[in-house]
Each structure stands twice: as C-alpha cells, then as structure tokens.
Amino acid sequence: QVQLVESGGGLVQAGGSLRLSCAASGRVFSNHALGWFRQAPGKEREFVATITWTYANTYYADSVKGRFTISRDNAKNTVYLQMSSLEPEDTAVYYCAASRVAGSRWFDEYSIWGQGTQVTVSS
C-alpha cells in the first residue's frame, strides 16, 4: 500500500527553480508531520524541511533557508517543496517522509517514506 508518492524532480540550471510534490494517503496526511530529506551520492541523507499537521509550522535546514519553501494543501493531501535559486550542491534524490513527531529534523523519527525523486542542478 503506497502512502507517499513524490513527483516534480528533473534537471535544471543553477539559479533556476523546481517544485516537488508529495501526494499522501488521507490517513497519513491528517495526523503526521511531513518532511523532505535529500541524499547526494556518497553522502548521508540530510534534513531539508518539515511542516506540522496542525498549524502548518515550518522548519528548514540552514542550507536551504530563504531559498526553499515547504507548504501543504489539505484539500489535495499534498505537500510541496518550492525550490528557488538552486545550486549544484542541491543535486540529490529528494525524499518525502511522514513523522508523528512535529518539527523533527531526524530521519529516524520518520516512519513512512516515498520512493524519492531525482533533482539535478547543472552549473
């Protein structure tokens, strides 16, 4: 049973923008915080952003603050990651994940994961 499905990845030039989407099942969306992580080749998976389920509070990694925006559409059970001013260092597989811990930056507190979507930023 698939619960999180990401889309929107692709190839973009440095300075460009992309919007990632994560469609969640209703059961997941209604009582979980949703977050984005990324993993570049040879590197550990790292936190990008998260949004809580009650008040839509948002939290960001310092490396993306001011460039990325996480949001959620409750009517569509979808969370978005709008990425702007992209840099080659943002190249990674981006994963959507769900957690019962609001505001968590730790991947082991996320129990449900999507399959990932590749983002490649060329210089």
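Conventions used here
Residues numbered from 1 in each chain as written. Predicted model: local features only at pLDDT ≥ 70, side-chain atom pairs only at ≥ 80, totals over all residues. Heavy atoms only, no water. Helix = DSSP H or I, 4+ residues; strand = E, 2+ residues; numbered from the N terminus. Rg over C-alpha atoms; globule rule 2.2 N^0.38 Å. Buried < 20%, exposed > 50% of the residue type's maximum accessible area, 1.4 Å probe, protein only. Phe/Tyr/Trp six-rings, centres within 6.5 Å; stacked < 30°, edge-to-face > 60°. Pairing = 2+ DSSP bridges. Disulfide = S-S within 2.5 Å. Polar contact = N/O pair within 3.5 Å; in protein donor to acceptor, adjacent residues only side chain to side chain. Contact = heavy atoms within 4.5 Å.

Peer 1: I would appreciate a short explanation of the overall build of the protein chain in the present structure.
Peer 2: Tallying secondary structure elements over the protein chain gives 1 helix and 11 strands in all. Ordered by position in the sequence, the α and β elements of the protein chain form the string β-β-β-α-β-β-β-β-β-β-β-β. Whereas a compact globule of 123 residues would reach a radius of gyration of roughly 14 Å, the protein chain reaches 13 Å, a difference of no more than 12%. By principal-axis analysis of the C-alpha atoms, the protein chain measures approximately 40 × 30 × 25 Å. Looking at the protein chain as a whole, 46% of its 123 residues are labelled buried.

Peer 1: How should I be thinking about the packing of aromatic side chains in this particular structure?
Peer 2: Here the distance between the centres and the angle between the planes together describe a pair of aromatic rings. Here the structure, examined in full by the defined rule, presents 5 aromatic pairs. For the ring pair Phe37 and Phe47, a centre distance of 5.8 Å and an interplane angle of 75° mean the geometry is edge-to-face. Note that Phe37 is positioned in strand E4 (residues 33-39) and Phe47 in strand E5 (residues 46-51), a separation of 10 residues in sequence. Of the residues examined, Phe37 reaches a relative accessible area of 1% and is grouped as buried. Among the residues examined, Phe47 registers a relative accessible area of 10% and is labelled buried. On the numbers, 6.3 Å between centres and 55° between planes, the contact of Tyr110 with Trp113 is tilted. The class for Tyr110 is buried, based on a relative accessible area of 4%. Classification of Trp113 as partly exposed rests on a relative accessible area of 26%.

Peer 1: Is there a simple way to think about the pairing of E5 in this case?
Peer 2: The side chains of a regular strand alternate between both faces of the sheet. Judged by how many residues are buried, E5 sits mostly within the fold: 5 of 6 residues are covered. Linking E4 back to E5 in an antiparallel pair, the connection comprises 6 residues, with Gly42 at a positive phi of about 80°. As judged from the 3 bridges shared by E5 and strand E6 (residues 58-60), these two strands associate in the antiparallel manner. By the bridge assignment for E6, Ile51 is matched with Thr58. Between E5 and E6, which follow one another and run antiparallel, lie 6 residues, and Ala56 among them has a positive phi close to 55°.

Peer 1: What exactly am I supposed to notice about the state of the cysteines here?
Peer 2: A disulfide bridge is the covalent bond that connects two cysteines by way of their sulfur atoms. Enumeration according to the criterion identifies 1 disulfide in this entry. For Cys22, the disulfide goes to Cys96, at an S-S distance of 2.1 Å. Because the sign of the S-S torsion sets the handedness, a value of about -80° for the bond joining Cys22 and Cys96 places this disulfide among the left-handed ones. Of this pair, Cys22 sits in strand E3 (residues 18-24) while Cys96 sits in strand E9 (residues 92-99), placing them 74 residues apart in sequence. Take Cys96: its relative accessible area is 0%, and that puts it in the buried class.

Peer 1: When you look at the side chain of Glu6 in this model, what are you seeing that I'm missing?
Peer 2: Inspection of the secondary structure assignment puts Glu6 in strand E1 (residues 4-7). A polar atom in the side chain of Glu6 sits 3.0 Å from the backbone nitrogen of Gln115. Excluding its chain neighbours within four sequence positions, the residues that come into contact with Glu6 are Ser21, Cys22, Trp36, Tyr94, Tyr95, Cys96, Gly114, Gln115, Gly116 and Thr117.

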